[in-house]
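Residue strings, one per chain:
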Amino acid sequence: MILNNITEAIGNTPMVYLNNTVDGIPAKVAAKVEYFNPGNSIKDRMALNMILKAEEEGKLKPGGTIIEGTSGNTGMGLALVAIARGYKCIFTTTDKQSKEKVDILRAVGAKVEVCPTAVAPEDPRSYYSRAQTLSEEIENSVYLNQYFNLANQEAHYMTTGPEIWKQTEGKITHLVVGVGTGGTISGTAKYLKEQNPDVKIIGVDTYGSTLKEYHETGKIDESAIYPYITEGIGEDIIPSNIDFSLIDKFVKVTDQDGALATRELAEREGMFVGYSCGSALCGVRQIKDELKETDLVVVVFHDHGSRYVGKVYNDDWLKEKNFI
Ligand SMILES: Cc1ncc(COP(=O)(O)O)c(C=O)c1O
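This structure is a prediction, so every number in the text was calculated from the model and none was measured. (Residues numbered from 1 in each chain as written. Predicted model: local features only at pLDDT ≥ 70, side-chain atom pairs only at ≥ 80, totals over all residues. Heavy atoms only, no water.)

A.B. asks: Just to check I follow, could you spell out the side chain of Ser186 for this structure?
C.D. replies: Take Ser186: it is sitting in helix H6 (residues 183-195). Residue Ser186 is classed as buried on the basis of its relative accessible area of 1%. Excluding residues within four positions of it along the chain, Ser186 makes contact with Gln153, Asn241, Ile242, Asp243 and Leu246. (Helix = DSSP H or I, 4+ residues; strand = E, 2+ residues; numbered from the N terminus. Buried < 20%, exposed > 50% of the residue type's maximum accessible area, 1.4 Å probe, protein only. Contact = heavy atoms within 4.5 Å.)

A.B. asks: Just to check I follow, could you spell out the site of the ligand for this structure?
C.D. replies: In the region of the ligand, 16 residues are neighbours, and Lys43, Gly180, Thr181, Thr184 and Ser276 sit closest. A distance of 2.9 Å separates an oxygen atom of the ligand from a polar atom in the side chain of Asn73. For the ligand, a nitrogen atom lies 2.7 Å from a polar atom in the side chain of Ser276. Burial of the ligand by the protein amounts to 97% of the accessible area it has alone, namely 390 Å². (Near = heavy atom within 4 Å. Polar contact = N/O pair within 3.5 Å; in protein donor to acceptor, adjacent residues only side chain to side chain. Areas by Shrake-Rupley, 256 points an atom, 1.4 Å probe, with all protein chains shown as cover.)

A.B. asks: Mind showing me how you'd approach helix H9 (residues 275-286) here?
C.D. replies: Each full turn of the α-helix corresponds to 3.6 residues, which orients residues three or four apart in the same direction. Compared with an ideal rise of 1.5 Å per residue, which puts 12 residues at 16 Å, H9 spans 17 Å between its outermost C-alpha atoms and is within 8% of the ideal. Inspection of H9 places Tyr275, Ser276, Cys277, Gly278, Ser279, Ala280, Leu281, Cys282, Gly283 and Val284 among the buried residues, and these make up the whole buried set. (Expected span 1.5 Å × (residues − 1).)

A.B. asks: How should the pairing of strand S10 (residues 296-301) be read in this particular structure?
C.D. replies: Here is the key point about a regular strand: its side chains alternate between the two faces of the sheet. Here S10 lies mainly inside the structure; six of its six residues are buried. Every second residue of S10 is oriented toward a common face, with Leu296, Val298 and Val300 on one face and Val297, Val299 and Phe301 on the other, all of them buried. Of the strand pairs in this sheet, strand S2 (residues 28-33) and S10 are connected by six bridges, and their pairing is parallel. Looking at the pairing, Ala31 lines up with Val299 of S10. As paired strands, strand S7 (residues 174-178) and S10 are joined by three bridges and run parallel to one another. Residue Val176 lies in a different strand from S10, and its bridge partner there is Val299. (Pairing = 2+ DSSP bridges.)

A.B. asks: Would you explain the sheet that holds strand S5 (residues 111-115) in this entry?
C.D. replies: Sheet strands line up and pair through hydrogen bonds in the backbone, either parallel or antiparallel. Within the open sheet, the four strands sit side by side as S5-S4-S3-S6. Their pairing is parallel. The outermost strands of the open sheet, each flanked by one partner alone, are S5 and strand S6 (141-143). Here the average twist between neighbouring strands, direction ignored, is 15°. Of the pairings in the sheet, the one linking strand S3 (residues 65-69) to S6 comprises three bridges and is parallel in character. Its bridge partner being in S6, Thr65 is matched across the sheet by Ser141. The strands touched by helix H3 (residues 99-107) are strand S4 (88-94) and S5; relative to S5, the strand with the most contacts, the crossing angle is about 155°. (Axes fitted to C-alpha atoms, helices over the stretch in contact; angles between N-to-C directions.)

Distances and angles like these do not, on their own, reveal function.
Laid out in structure tokens, this is it:
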């Protein structure tokens, strides 16, 4: 079969058992390896759906401009879909993201504005505010706003969830997922819980983010919020794409543990994955005492290691951060 354009290669990614990084975990653990998407991350799925929805709703017209605040992966997905469907892209991102991520977005034709990380979300310099302002200034543009656009979680309800259910032949017992916008965990969990309400859903958060505290107390804990290094997961806002009612519990992973586990996945499983994948593996390790031999844990690996060669995959960087 020959596909009509690159967007038709999105989804239907493989699942692979982890063999050498799951010592002491009684259950089988299988990874949904999302770097097989054409943009090398899971975010291709929601990028496509957000654009299709914006077209349907008349918000995106031929030749229009797509604006988004993105740490890179969503931008890549949007850029690929934009090329296939004839749109321009402007992305705002933070100065904490890998330089590689920004270079890659520029390579696929997007304009990228880098904004400071260490400002509050409502600050006019934040990457959220800049995206909003640009969308007001530029004619025939749409700000897709992945945090609050429910086409994000819907993409996972329509694709990621059904794929995992089918690939595991309905045997999945636990889903472990890093949470950023919440699209992946909420859409996938909704589908899986509809098939079997007993599937346990575990969100992986970082230290420096308030998602775990919010899940437990219903309040944003300002003292839990501080800058951290892990990319793609954790938030200082509460996105409407996170359906907290579907999540059984959150675990928190340190920047160091996530980074070292990422290296283990590359060295011991042959999976050259991104930083949040190491954090997700640590999430599985944290729940090991709750697991039985007959359980099947699915862990979602969001993206590819190529975007982190100057960071997690660089020993000097690990030393500089005191991680080794
Ligand atoms: C590398 C990485 N991991 C995890 C996530 C979290 O996924 P979601 O936004 O669907 O919660 C993202 C999202 O930006 C990501 O880029």
